[in-house]
Amino acid sequence: MTDSIPVVRETDHGTARLLPDVDRPRAWLLTVDGAPQSYVDLDDPAHLEFEYTRRLGHVLDLLGAPGRTYRVLHLGGGALTLPRYLTVTRPGSRQEVVEFDRGLLDLVAEHLPLPEDAGVALHAADARTWLESAPAGSVDVLVADVFGGSRVPARLTSVEYARAAGRVLTDHGVYLANLADAAPFAFLRSQLAAFAPLFAESALIAEPGVLRGRRFGNAVLVAARRPLDLGELARRTAADAFPARVVHGPALRDFIGDARPVGDVDAVPSPLPPDGAFGIG
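Small disclaimer: the values here were computed from a predicted structure and weren't measured.

Caption draft 1: Spatial organisation of the overall build of the protein chain. A tally of helices and strands in the protein chain yields nine helices and 12 strands. Rg of the C-alpha trace for the protein chain: 18 Å, near the compact-globule value of 19 Å for 281 residues, within the 12% margin. Taking the principal axes of the C-alpha coordinates as reference, the protein chain spans close to 55 × 40 × 40 Å. Across the 281 residues in the protein chain, those meeting the buried criterion constitute 52%. Across the protein chain, contacts joining residues at least 24 apart in sequence account for 70% of those joining residues at least 6 apart. Surface accessibility of the protein chain: about 12600 Å² in total, with carbon and sulfur atoms responsible for 52%. When the 28 basic and 36 acidic side-chain charges of the protein chain are each reduced to a single mean position, those positions are 7 Å apart.

Next comes the structure, spelled out in structure tokens:
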């Protein structure tokens, strides 16, 4: 996209808007039905504007030595912020993106195209269906950032979904998810209860104000089959413009408490955000 003119289009599942950033010449904000979904800078794909994407970026940076490549599956596409990030921070990685809204994929491909050599394959498909059909042990990193409107769909909140995610990961695989909740954290705690038993290492990254129950907000779930440098992760997230905490070990077990995972039959979407929690303008 060369002209800094907003684009509005009805896609398969909502009204998408691409809004130019007046401070960065080729940067764009994607909203769907008024809710911010993605921010990308075509001149600087390593720039992560949203706080939760920076936290995901910190984890991705710490997975291995610089230059190491990975097989990455992204559930949820948006404007492809993290796939773009990995093309420059871990060039040569092979990435698959599964996005339910074909119209949104078409909009992004038309106005915010990826470089031809990005190594990113885009698929218009249901995330859970794709996951269950993917080969076992075929993915090093799975990033889940799927929202139907402003809620994580129920099909992606159950213990059966957690097992399907674990099945496609390698023996050293890492699962990352962008979630949202508020005190008393019934949703977040059930998600952690579903993933923690399946992985050797688990953590939660969120702003202190969210963890203290002061407001609704994003939280990043981290589940890994190998040790992660959580000390360095905590240092990096604490140094961000909007500092976050990394909860793990006994503190995470205390946070989970007596929560239990939910099955497909009882699964529900993530909580509906309060008015204004994620909107703009």
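Caption draft 2: How the structure looks around the environment of Ala-196. If you trace the backbone, Ala-196 turns up in the loop between helix 6 (186-195) and strand 10 (201-206). With relative accessibility at 24%, the residue Ala-196 sits in the partly exposed group. For Ala-196 and Leu-221, which are 25 residues apart along the polypeptide, the C-alpha to C-alpha distance reads 9.9 Å. If we skip the residues at most four places from it in the chain, Ala-196 touches Ser-202 and Ile-256.

Caption draft 3: Summary view of the pattern of salt bridges. On inspection of all chains with the given rule, the structure shows 13 salt bridges. In this structure, Asp-43 and Arg-26 form a salt bridge, with 2.8 Å as the shortest nitrogen-oxygen distance. You can see Asp-43 sitting in the loop between strand 4 (35-41) and helix 1 (51-61) and its partner Arg-26 sitting in the loop between strand 2 (14-20) and strand 3 (27-32), a full 17 residues away along the chain. Taking the shortest distance from any N to any O, the salt bridge between Arg-128 and Glu-132 comes out at 2.6 Å. Placement of the pair is Arg-128 and Glu-132 together in helix 4 (residues 127-133), with a separation of four residues, close to one helical turn. One connected set of salt bridges, linked through shared partners, spans Arg-24, Asp-41 and Asp-44.

Caption draft 4: Geometry of helix 3 (residues 102-111). For helix 3, the full list of buried residues reads Gly-103, Leu-104, Leu-105, Leu-107, Val-108 and His-111. On its buried face, helix 3 sits against strand 1 (7-11), strand 2, strand 3, helix 2 (81-89), strand 6 (94-99) and strand 7 (120-124). Capping the start of helix 3, Asp-101 holds a side-chain oxygen 3.1 Å from the backbone nitrogen of Gly-103, two or three residues further along.

Caption draft 5: Structural view of the nonpolar core. Ranked by internal contacts, the top residues of the largest apolar core, which has 42 residues, are Leu-75, Leu-131, Leu-142, Tyr-175, Phe-195 and Leu-204. Aside from chain neighbours lying at most four places away, what touches Leu-75 is Val-98, Ala-127, Leu-131, Leu-142, Val-143, Ala-144, Asp-145, Val-146 and Tyr-161. With 29 residues, the next largest nonpolar core counts Leu-86, Ile-205, Val-220 and Leu-233 among its residues.

Caption draft 6: View of the pairing of strand 3. Burial within strand 3 is extensive, with six of its six residues counted as buried. Burial of strand 3 is two-sided: the residues Ala-27, Leu-29 and Thr-31 facing one way and the residues Trp-28, Leu-30 and Val-32 facing the other way are all buried. Pairing between strand 2 and strand 3: five bridges, direction antiparallel. In the sheet register, Ala-16 faces strand 3, and the bridge partner there is Val-32. Hairpin connection of strand 2 to strand 3: six residues between the antiparallel strands. Relative to strand 4, strand 3 is paired through six bridges, and the arrangement is antiparallel.

Thresholds, definitions, all that
- Residue numbering note: each chain is counted from 1, following its sequence as written.
- Only residues with pLDDT of 70 or above have their local features reported here, since the model is predicted, and side-chain atom pairs are shown and tallied only from 80 upward, although totals for entire chains, interfaces and linings are computed over all residues.
- The basis for the side-chain values is all heavy atoms of the structure; hydrogens and waters are excluded.
- What counts as a helix is a DSSP run of H or I of at least four residues, what counts as a strand is a run of E of at least two, and both are numbered from the N terminus.
- Radius of gyration here uses only the C-alpha atoms, and the compact-globule reference equals 2.2 Å multiplied by the residue count raised to the power 0.38.
- Burial classes follow relative accessibility: with a 1.4 Å probe on protein chains only, a residue under 20% of its type's maximum area counts as buried, one over 50% as exposed, and anything between as partly exposed.
- Residue contacts are counted whenever heavy atoms from the two residues lie within 4.5 Å of one another.
- What sets the accessible areas is the Shrake-Rupley method with a 1.4 Å probe; for residues, cover comes only from the shown protein chains.
- In this charge count, Lys and Arg are treated as positive and Asp and Glu as negative; neither His nor the chain ends contribute.
- Think of each charge as sitting on NZ of Lys, CZ of Arg, CG of Asp or CD of Glu.
- Each salt bridge in this description consists of a side-chain nitrogen of Lys or Arg and a carboxyl oxygen of Asp or Glu lying within 4 Å of one another.
- As used in this structure description, the phrase polar contact means that two N or O atoms lie within 3.5 Å; if the pair is within protein, one of them must be able to donate a hydrogen and the other to accept it, and residues adjacent in sequence are counted only when both atoms belong to side chains.
- Residues enter a nonpolar core if they are buried and are Ala, Val, Leu, Ile, Met, Phe, Trp, Tyr or Cys, with the set joined through side-chain atoms within 4.5 Å.
- Here, strands pair whenever DSSP counts at least two bridges between them.

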